[in-house]
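So you can see what is in the structure, the chains are spelled out below.
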Amino acid sequence: MSEPNDFFKQHLAQTTPFPFGIKVDYAKGSYIYDTEGKAYLDLISGIAVSALGHGHPKILEAIKTQSEKHLHVMVYGEFEQEAQNNLAKELLKTLPDNINSFYFVNSGTEAIEAALKLAKRVTGKREIIAFKNAYHGSTHGALSLSSNEKKKAPFEPLLPQVKHIELNNLEHLDHISEETACVILETIQGDAGVRFPTKAYLQALRKKCDETCTLLIFDEIQCGMGRTGKMWAFDHFEVVPDLLVAGKSLGGGMPIGCLMADRKLMLQFSVNPMLGHITTFGGHPLVCATAAAGLKVIREEQLLKALPIKAQLFKELLQHQEIKEVRQLGLMMAIELENEEKVQQLVLKGLEKGVLLFWFLSTPNAFRLAPPLNISEQEIREGCQTILELLNDL
Ligand SMILES: Cc1ncc(COP(=O)(O)O)c(C=O)c1O
(Lines give C-alpha, C1' and ligand atoms only; values in the text may rest on other atoms or scores of the structure.)
Protein backbone atom coordinates (compact mmCIF):
# COMPACT_ATOMS: atom_id res chain seq x y z
CA MET A 1 0.00 0.00 0.00
CA SER A 2 1.30 3.48 -0.87
CA GLU A 3 2.00 5.85 2.07
CA PRO A 4 0.31 9.29 2.06
CA ASN A 5 2.88 11.85 0.95
CA ASP A 6 4.07 14.91 2.88
CA PHE A 7 2.30 17.41 0.64
CA PHE A 8 -1.06 15.75 1.35
CA LYS A 9 -0.35 15.71 5.07
CA GLN A 10 0.85 19.31 5.24
CA HIS A 11 -1.43 21.15 2.87
CA LEU A 12 -4.71 19.24 2.81
CA ALA A 13 -6.73 19.71 5.99
CA GLN A 14 -6.82 16.48 7.95
CA THR A 15 -9.85 15.19 9.81
CA THR A 16 -8.00 12.49 11.74
CA PRO A 17 -4.33 11.85 12.54
CA PHE A 18 -4.67 8.53 10.67
CA PRO A 19 -6.04 9.06 7.16
CA PHE A 20 -6.28 6.00 4.90
CA GLY A 21 -4.27 8.04 2.44
CA ILE A 22 -4.73 5.83 -0.63
CA LYS A 23 -3.26 7.74 -3.59
CA VAL A 24 -6.20 7.44 -5.93
CA ASP A 25 -5.43 7.18 -9.61
CA TYR A 26 -8.81 6.17 -11.02
CA ALA A 27 -11.91 4.18 -10.14
CA LYS A 28 -14.06 1.88 -12.24
CA GLY A 29 -17.06 -0.25 -11.33
CA SER A 30 -16.63 -1.59 -7.80
CA TYR A 31 -12.87 -0.91 -7.69
CA ILE A 32 -10.63 2.03 -6.84
CA TYR A 33 -7.05 1.90 -8.21
CA ASP A 34 -4.06 3.61 -6.60
CA THR A 35 -1.13 5.18 -8.41
CA GLU A 36 0.85 1.95 -8.11
CA GLY A 37 -1.90 0.04 -9.88
CA LYS A 38 -3.24 -1.70 -6.77
CA ALA A 39 -6.98 -2.44 -6.88
CA TYR A 40 -9.26 -1.94 -3.86
CA LEU A 41 -12.68 -3.56 -3.83
CA ASP A 42 -14.93 -0.74 -2.67
CA LEU A 43 -17.30 -2.16 -0.05
CA ILE A 44 -18.13 1.28 1.40
CA SER A 45 -18.86 3.43 -1.69
CA GLY A 46 -17.35 6.56 -0.12
CA ILE A 47 -19.80 5.98 2.78
CA ALA A 48 -22.92 5.13 0.83
CA VAL A 49 -22.33 7.59 -1.98
CA SER A 50 -21.14 5.73 -5.10
CA ALA A 51 -24.24 3.55 -5.25
CA LEU A 52 -23.77 2.89 -8.97
CA GLY A 53 -20.11 2.08 -8.54
CA HIS A 54 -17.52 4.26 -10.21
CA GLY A 55 -17.66 5.63 -13.74
CA HIS A 56 -21.13 4.38 -14.66
CA PRO A 57 -21.52 5.22 -18.39
CA LYS A 58 -24.92 6.91 -17.87
CA ILE A 59 -23.46 9.19 -15.21
CA LEU A 60 -20.50 10.09 -17.42
CA GLU A 61 -22.86 10.75 -20.32
CA ALA A 62 -25.03 13.04 -18.15
CA ILE A 63 -21.94 15.00 -17.06
CA LYS A 64 -20.81 15.42 -20.66
CA THR A 65 -24.22 16.42 -21.99
CA GLN A 66 -24.93 18.94 -19.22
CA SER A 67 -21.41 20.41 -19.21
CA GLU A 68 -21.76 21.17 -22.90
CA LYS A 69 -25.07 22.98 -22.24
CA HIS A 70 -24.25 25.09 -19.19
CA LEU A 71 -22.80 25.06 -15.70
CA HIS A 72 -23.74 27.59 -13.01
CA VAL A 73 -25.91 30.38 -14.38
CA MET A 74 -27.53 32.01 -11.34
CA VAL A 75 -28.08 31.62 -7.59
CA TYR A 76 -30.61 28.93 -6.69
CA GLY A 77 -34.26 29.60 -7.37
CA GLU A 78 -34.14 32.49 -9.85
CA PHE A 79 -33.84 30.80 -13.24
CA GLU A 80 -35.73 27.81 -14.57
CA GLN A 81 -33.21 25.08 -15.38
CA GLU A 82 -34.11 21.87 -17.18
CA ALA A 83 -31.64 19.78 -15.15
CA GLN A 84 -33.40 20.76 -11.90
CA ASN A 85 -36.83 20.08 -13.37
CA ASN A 86 -35.70 16.67 -14.59
CA LEU A 87 -34.38 15.71 -11.18
CA ALA A 88 -37.64 16.80 -9.52
CA LYS A 89 -39.58 14.70 -12.06
CA GLU A 90 -37.47 11.63 -11.29
CA LEU A 91 -37.95 12.12 -7.55
CA LEU A 92 -41.71 12.56 -7.91
CA LYS A 93 -41.92 9.08 -9.45
CA THR A 94 -40.63 7.59 -6.19
CA LEU A 95 -42.47 9.57 -3.52
CA PRO A 96 -45.88 9.76 -1.82
CA ASP A 97 -48.22 12.61 -2.82
CA ASN A 98 -47.40 14.85 0.15
CA ILE A 99 -43.70 15.02 -0.78
CA ASN A 100 -43.82 17.04 -3.96
CA SER A 101 -41.52 20.05 -3.65
CA PHE A 102 -37.72 19.95 -3.64
CA TYR A 103 -35.09 22.30 -2.32
CA PHE A 104 -31.66 21.28 -3.65
CA VAL A 105 -28.57 22.17 -1.67
CA ASN A 106 -24.93 21.04 -1.68
CA SER A 107 -24.62 18.50 1.12
CA GLY A 108 -26.55 16.42 3.60
CA THR A 109 -25.88 18.64 6.57
CA GLU A 110 -27.07 21.69 4.64
CA ALA A 111 -30.32 19.94 3.83
CA ILE A 112 -30.73 19.16 7.54
CA GLU A 113 -30.23 22.85 8.36
CA ALA A 114 -32.91 23.72 5.81
CA ALA A 115 -35.29 21.13 7.32
CA LEU A 116 -34.86 22.53 10.85
CA LYS A 117 -35.46 26.07 9.61
CA LEU A 118 -38.54 25.04 7.68
CA ALA A 119 -39.95 23.19 10.70
CA LYS A 120 -39.55 26.32 12.84
CA ARG A 121 -41.00 28.52 10.13
CA VAL A 122 -44.04 26.28 9.49
CA THR A 123 -44.94 25.54 13.11
CA GLY A 124 -43.79 28.77 14.76
CA LYS A 125 -42.37 26.50 17.47
CA ARG A 126 -38.76 26.04 18.57
CA GLU A 127 -38.29 22.76 20.38
CA ILE A 128 -36.56 19.99 18.42
CA ILE A 129 -36.53 16.33 19.36
CA ALA A 130 -33.78 14.09 18.04
CA PHE A 131 -32.59 10.59 18.89
CA LYS A 132 -29.80 9.21 21.03
CA ASN A 133 -26.82 8.18 18.88
CA ALA A 134 -28.13 10.05 15.85
CA TYR A 135 -25.85 11.54 13.23
CA HIS A 136 -27.23 14.28 10.99
CA GLY A 137 -24.10 16.18 9.95
CA SER A 138 -21.36 18.45 11.20
CA THR A 139 -22.61 22.05 10.90
CA HIS A 140 -23.82 23.80 14.05
CA GLY A 141 -27.52 22.97 13.67
CA ALA A 142 -26.96 19.37 12.60
CA LEU A 143 -24.35 18.85 15.32
CA SER A 144 -26.88 20.06 17.90
CA LEU A 145 -28.98 17.01 17.01
CA SER A 146 -26.18 14.66 18.05
CA SER A 147 -26.18 13.17 21.54
CA ASN A 148 -22.42 12.64 21.44
CA GLU A 149 -21.34 15.11 24.14
CA LYS A 150 -17.64 14.53 23.46
CA LYS A 151 -17.99 15.62 19.83
CA LYS A 152 -20.29 18.55 20.70
CA ALA A 153 -18.67 20.09 23.77
CA PRO A 154 -15.83 21.98 22.04
CA PHE A 155 -18.31 23.75 19.77
CA GLU A 156 -20.95 24.86 22.23
CA PRO A 157 -23.13 26.86 22.44
CA LEU A 158 -25.14 24.98 19.85
CA LEU A 159 -28.89 25.13 19.20
CA PRO A 160 -31.00 25.46 22.35
CA GLN A 161 -34.18 23.46 23.03
CA VAL A 162 -32.96 20.17 21.58
CA LYS A 163 -33.99 17.02 23.46
CA HIS A 164 -32.92 13.44 22.79
CA ILE A 165 -35.13 10.39 23.08
CA GLU A 166 -34.42 6.68 22.68
CA LEU A 167 -35.34 4.79 19.55
CA ASN A 168 -38.14 2.24 20.06
CA ASN A 169 -38.92 3.54 23.55
CA LEU A 170 -42.66 4.20 23.48
CA GLU A 171 -42.62 5.94 26.85
CA HIS A 172 -40.19 8.53 25.55
CA LEU A 173 -42.82 9.62 23.02
CA ASP A 174 -44.35 11.53 25.95
CA HIS A 175 -41.57 14.09 25.54
CA ILE A 176 -43.19 15.16 22.27
CA SER A 177 -45.69 17.91 23.08
CA GLU A 178 -47.55 20.90 21.65
CA GLU A 179 -44.26 22.78 22.15
CA THR A 180 -42.34 20.55 19.75
CA ALA A 181 -41.64 21.93 16.28
CA CYS A 182 -40.23 18.71 14.86
CA VAL A 183 -38.94 15.25 15.53
CA ILE A 184 -36.01 14.23 13.37
CA LEU A 185 -34.98 10.63 12.85
CA GLU A 186 -32.69 8.70 10.52
CA THR A 187 -35.25 6.16 9.32
CA ILE A 188 -32.49 3.58 9.73
CA GLN A 189 -29.82 4.93 12.05
CA GLY A 190 -26.47 4.74 10.27
CA ASP A 191 -23.72 5.90 12.55
CA ALA A 192 -25.42 4.32 15.56
CA GLY A 193 -24.31 1.07 13.91
CA VAL A 194 -27.34 0.37 11.69
CA ARG A 195 -30.28 0.39 14.13
CA PHE A 196 -33.89 -0.06 13.07
CA PRO A 197 -37.16 1.26 14.44
CA THR A 198 -39.97 -1.25 14.71
CA LYS A 199 -42.97 -0.65 12.49
CA ALA A 200 -45.20 -0.24 15.55
CA TYR A 201 -42.83 2.35 17.00
CA LEU A 202 -42.67 4.43 13.83
CA GLN A 203 -46.44 4.34 13.51
CA ALA A 204 -46.82 5.45 17.15
CA LEU A 205 -44.30 8.23 16.51
CA ARG A 206 -46.29 9.38 13.47
CA LYS A 207 -49.50 9.41 15.53
CA LYS A 208 -47.93 11.39 18.35
CA CYS A 209 -46.57 13.96 15.90
CA ASP A 210 -50.04 14.33 14.35
CA GLU A 211 -51.66 14.78 17.75
CA THR A 212 -49.23 17.54 18.77
CA CYS A 213 -48.95 19.34 15.39
CA THR A 214 -45.29 18.38 15.26
CA LEU A 215 -43.53 17.88 11.94
CA LEU A 216 -41.91 14.48 11.44
CA ILE A 217 -38.61 14.65 9.56
CA PHE A 218 -36.93 11.55 8.17
CA ASP A 219 -33.22 11.82 7.39
CA GLU A 220 -32.60 9.39 4.52
CA ILE A 221 -29.26 10.87 3.54
CA GLN A 222 -27.61 7.50 4.11
CA CYS A 223 -30.45 4.98 4.08
CA GLY A 224 -32.46 6.38 1.15
CA MET A 225 -32.16 6.01 -2.62
CA GLY A 226 -32.39 2.23 -2.68
CA ARG A 227 -29.70 1.33 -0.16
CA THR A 228 -32.08 -0.75 2.00
CA GLY A 229 -33.77 -2.50 -0.94
CA LYS A 230 -36.65 -0.06 -1.30
CA MET A 231 -36.29 3.36 -2.82
CA TRP A 232 -36.87 5.03 0.56
CA ALA A 233 -36.32 3.31 3.87
CA PHE A 234 -39.68 4.58 5.12
CA ASP A 235 -41.30 2.44 2.40
CA HIS A 236 -40.58 -0.55 4.68
CA PHE A 237 -42.74 0.85 7.48
CA GLU A 238 -45.92 2.32 5.92
CA VAL A 239 -45.19 5.64 7.60
CA VAL A 240 -44.77 8.85 5.64
CA PRO A 241 -42.85 11.86 6.99
CA ASP A 242 -43.76 15.54 6.62
CA LEU A 243 -40.24 16.47 5.58
CA LEU A 244 -37.73 14.17 3.94
CA VAL A 245 -34.01 14.81 3.65
CA ALA A 246 -31.66 13.11 1.18
CA GLY A 247 -28.06 13.50 0.04
CA LYS A 248 -25.02 11.25 -0.47
CA SER A 249 -25.82 8.78 -3.29
CA LEU A 250 -28.64 10.99 -4.61
CA GLY A 251 -26.00 13.00 -6.51
CA GLY A 252 -24.75 10.04 -8.54
CA GLY A 253 -21.25 10.80 -7.22
CA MET A 254 -21.65 14.58 -7.17
CA PRO A 255 -22.26 16.73 -4.04
CA ILE A 256 -25.92 17.19 -3.21
CA GLY A 257 -28.47 17.53 -0.43
CA CYS A 258 -32.20 17.80 -0.84
CA LEU A 259 -35.03 18.87 1.43
CA MET A 260 -38.41 17.53 0.29
CA ALA A 261 -41.86 18.52 1.53
CA ASP A 262 -45.33 19.41 0.47
CA ARG A 263 -45.38 22.58 -1.63
CA LYS A 264 -47.66 24.32 0.90
CA LEU A 265 -44.96 23.92 3.54
CA MET A 266 -42.03 24.73 1.28
CA LEU A 267 -43.66 27.99 0.20
CA GLN A 268 -42.95 29.35 3.68
CA PHE A 269 -39.34 29.90 2.63
CA SER A 270 -40.44 32.47 0.05
CA VAL A 271 -42.52 34.74 2.31
CA ASN A 272 -42.24 36.45 5.73
CA PRO A 273 -39.31 36.82 5.27
CA MET A 274 -38.80 36.41 1.56
CA LEU A 275 -35.53 34.52 0.84
CA GLY A 276 -35.97 32.59 4.11
CA HIS A 277 -33.39 30.06 2.93
CA ILE A 278 -30.91 30.77 0.15
CA THR A 279 -27.87 29.20 -1.46
CA THR A 280 -25.59 30.08 -4.35
CA PHE A 281 -24.69 26.64 -5.65
CA GLY A 282 -27.68 24.56 -4.52
CA GLY A 283 -29.33 22.86 -7.49
CA HIS A 284 -26.16 23.06 -9.57
CA PRO A 285 -27.15 21.89 -13.06
CA LEU A 286 -24.29 19.41 -13.40
CA VAL A 287 -25.18 17.82 -10.08
CA CYS A 288 -28.90 17.73 -10.85
CA ALA A 289 -28.20 16.14 -14.24
CA THR A 290 -26.10 13.35 -12.68
CA ALA A 291 -28.63 12.87 -9.87
CA ALA A 292 -31.48 12.48 -12.35
CA ALA A 293 -29.38 10.08 -14.41
CA GLY A 294 -28.59 8.05 -11.28
CA LEU A 295 -32.25 7.69 -10.29
CA LYS A 296 -33.07 6.67 -13.84
CA VAL A 297 -30.37 3.97 -13.75
CA ILE A 298 -31.80 2.55 -10.51
CA ARG A 299 -35.22 2.42 -12.16
CA GLU A 300 -34.25 1.20 -15.65
CA GLU A 301 -31.61 -1.32 -14.57
CA GLN A 302 -34.04 -2.56 -11.89
CA LEU A 303 -31.28 -2.51 -9.30
CA LEU A 304 -33.70 -2.89 -6.41
CA LYS A 305 -35.05 -6.13 -7.80
CA ALA A 306 -31.65 -7.83 -7.52
CA LEU A 307 -30.83 -6.26 -4.18
CA PRO A 308 -32.44 -8.79 -1.79
CA ILE A 309 -30.40 -11.60 -3.40
CA LYS A 310 -27.19 -9.62 -2.90
CA ALA A 311 -28.14 -8.74 0.66
CA GLN A 312 -28.86 -12.40 1.40
CA LEU A 313 -25.52 -13.44 -0.10
CA PHE A 314 -23.64 -11.10 2.27
CA LYS A 315 -25.65 -12.52 5.15
CA GLU A 316 -24.92 -16.13 4.22
CA LEU A 317 -21.24 -15.57 3.54
CA LEU A 318 -20.47 -13.43 6.57
CA GLN A 319 -20.64 -16.22 9.13
CA HIS A 320 -17.65 -16.57 11.42
CA GLN A 321 -17.08 -17.13 15.10
CA GLU A 322 -15.51 -13.65 15.38
CA ILE A 323 -18.72 -12.02 14.10
CA LYS A 324 -21.02 -11.31 17.03
CA GLU A 325 -23.88 -9.76 15.09
CA VAL A 326 -24.75 -8.56 11.60
CA ARG A 327 -27.31 -5.74 11.49
CA GLN A 328 -28.49 -5.31 7.96
CA LEU A 329 -31.26 -3.98 5.80
CA GLY A 330 -30.48 -4.43 2.11
CA LEU A 331 -26.92 -3.30 1.49
CA MET A 332 -26.68 -1.17 4.65
CA MET A 333 -24.73 -3.30 7.11
CA ALA A 334 -22.97 -3.18 10.45
CA ILE A 335 -20.77 -6.14 11.37
CA GLU A 336 -20.15 -6.30 15.07
CA LEU A 337 -16.99 -7.87 16.49
CA GLU A 338 -15.89 -8.48 20.06
CA ASN A 339 -14.17 -5.13 20.56
CA GLU A 340 -12.77 -1.95 19.03
CA GLU A 341 -9.22 -3.33 18.69
CA LYS A 342 -10.39 -6.18 16.48
CA VAL A 343 -12.36 -3.77 14.30
CA GLN A 344 -9.32 -1.48 13.93
CA GLN A 345 -7.12 -4.40 12.99
CA LEU A 346 -9.61 -5.80 10.51
CA VAL A 347 -10.20 -2.53 8.68
CA LEU A 348 -6.49 -1.79 8.36
CA LYS A 349 -5.67 -5.34 7.26
CA GLY A 350 -8.50 -5.05 4.73
CA LEU A 351 -6.74 -2.05 3.26
CA GLU A 352 -3.54 -4.07 2.85
CA LYS A 353 -5.47 -6.91 1.20
CA GLY A 354 -7.29 -4.54 -1.16
CA VAL A 355 -10.77 -4.53 0.40
CA LEU A 356 -12.22 -1.25 1.62
CA LEU A 357 -14.09 -1.50 4.92
CA PHE A 358 -14.75 1.40 7.26
CA TRP A 359 -15.56 2.30 10.84
CA PHE A 360 -18.50 4.10 12.40
CA LEU A 361 -18.04 7.44 14.14
CA SER A 362 -19.65 6.30 17.38
CA THR A 363 -19.93 2.52 17.20
CA PRO A 364 -16.36 1.39 17.83
CA ASN A 365 -16.96 -2.37 18.00
CA ALA A 366 -18.48 -2.67 14.52
CA PHE A 367 -17.40 -1.96 10.96
CA ARG A 368 -19.64 -0.87 8.12
CA LEU A 369 -20.35 -2.24 4.69
CA ALA A 370 -22.21 -0.18 2.10
CA PRO A 371 -21.15 -1.53 -1.30
CA PRO A 372 -22.39 -0.19 -4.63
CA LEU A 373 -25.96 -1.36 -5.32
CA ASN A 374 -24.76 -2.83 -8.62
CA ILE A 375 -21.90 -4.84 -7.09
CA SER A 376 -21.77 -8.28 -8.74
CA GLU A 377 -22.28 -11.57 -6.92
CA GLN A 378 -18.73 -12.51 -7.86
CA GLU A 379 -17.41 -9.33 -6.22
CA ILE A 380 -19.49 -10.01 -3.10
CA ARG A 381 -17.98 -13.50 -2.87
CA GLU A 382 -14.47 -12.12 -3.37
CA GLY A 383 -14.96 -9.39 -0.71
CA CYS A 384 -16.52 -11.72 1.86
CA GLN A 385 -13.81 -14.35 1.29
CA THR A 386 -11.14 -11.75 2.11
CA ILE A 387 -13.06 -10.61 5.20
CA LEU A 388 -13.33 -14.21 6.42
CA GLU A 389 -9.60 -14.77 5.88
CA LEU A 390 -8.85 -11.60 7.84
CA LEU A 391 -11.15 -12.74 10.64
CA ASN A 392 -9.26 -16.06 10.79
CA ASP A 393 -6.07 -14.09 11.50
CA LEU A 394 -7.48 -11.93 14.31
C1 LIG B 1 -27.77 10.11 8.21
C2 LIG B 1 -26.86 11.25 7.83
N3 LIG B 1 -27.32 12.49 7.90
C4 LIG B 1 -26.55 13.54 7.55
C5 LIG B 1 -25.26 13.37 7.10
C6 LIG B 1 -24.43 14.55 6.71
O7 LIG B 1 -24.25 14.58 5.32
P8 LIG B 1 -23.03 15.37 4.69
O9 LIG B 1 -21.77 14.67 5.13
O10 LIG B 1 -23.27 15.31 3.21
O11 LIG B 1 -23.10 16.76 5.21
C12 LIG B 1 -24.75 12.07 7.02
C13 LIG B 1 -23.37 11.84 6.58
O14 LIG B 1 -22.74 10.85 6.87
C15 LIG B 1 -25.57 10.98 7.39
O16 LIG B 1 -25.12 9.72 7.33
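The structure presented is a predicted model; accordingly, all values stated were derived computationally and were not measured. (Residues numbered from 1 in each chain as written. Predicted model: local features only at pLDDT ≥ 70, side-chain atom pairs only at ≥ 80, totals over all residues. Heavy atoms only, no water.)

Considerations on the layout of surface pockets
Next, step 1: Computed from the structure, the second largest pocket encloses a volume of approximately 740 Å³.
Next, step 2: Lining the second largest pocket are 27 residues, with Tyr 76, Gly 77, Glu 78, Phe 102 and Tyr 103 sitting closest to its centre.
Next, step 3: Those elements that place two or more of their residues in the lining of the second largest pocket are helix 4 (82-92), strand 4 (101-105) and helix 9 (263-266).
Next, step 4: Grouping the amino acids of the lining of the second largest pocket by side-chain chemistry returns 13 nonpolar, eleven polar and three charged. (1 Å grid on protein atoms, 1.4 Å probe; cavity = no way out; pocket = protein on both sides within 12 Å on 5 of 7 lines; lining within 4 Å. Points joined across faces, edges and corners; volume = space filled by probe spheres on them. Helix = DSSP H or I, 4+ residues; strand = E, 2+ residues; numbered from the N terminus. Nonpolar A, V, L, I, M, F, W, Y, C, P; charged D, E, K, R; others polar.)

Considering the sheet that holds strand 5 (residues 127-131)
Next, step 1: The seven strands are arranged 4-10-9-8-7-5-6 in an open sheet whose pairing can be described as mixed. What marks the edges here is a single partner per strand, and that holds for strand 4 and strand 6 (162-165). Sheet twist, expressed as the average angle between the axes of neighbouring strands with direction ignored, equals 20°.
Next, step 2: As defined by bridge partners, strand 7 (residues 180-186) adjoins strand 8 (residues 215-219) across five bridges and the pair is classed as parallel. Each bridged residue has a counterpart across the sheet, and for Val 183 the counterpart in strand 8 is Leu 216.
Next, step 3: Against the sheet, helix 4 engages strand 4 and strand 10 (257-261), with an angle of about 125° to strand 4. (Pairing = 2+ DSSP bridges. Axes fitted to C-alpha atoms, helices over the stretch in contact; angles between N-to-C directions. Contact = heavy atoms within 4.5 Å.)

Details of the site of the ligand
Next, step 1: Around the ligand, the surrounding shell consists of Ser 107, Gly 108, Thr 109, Tyr 135, His 136, Gly 137, Glu 186, Asp 219, Ile 221, Gln 222 and Lys 248.
Next, step 2: One of the backbone nitrogen or oxygen atoms of Gly 108 is found 2.8 Å away from an oxygen atom of the ligand.
Next, step 3: Within the contact set of the ligand, an oxygen atom lies 3.1 Å away from a side-chain nitrogen or oxygen of Lys 248.
Next, step 4: The fraction of the free accessible surface of the ligand (390 Å²) that becomes covered by protein chains is 81%.
Next, step 5: Taken together, the residues that form the shell around the ligand break down as two nonpolar, six polar and three charged. (Near = heavy atom within 4 Å. Polar contact = N/O pair within 3.5 Å; in protein donor to acceptor, adjacent residues only side chain to side chain. Areas by Shrake-Rupley, 256 points an atom, 1.4 Å probe, with all protein chains shown as cover.)

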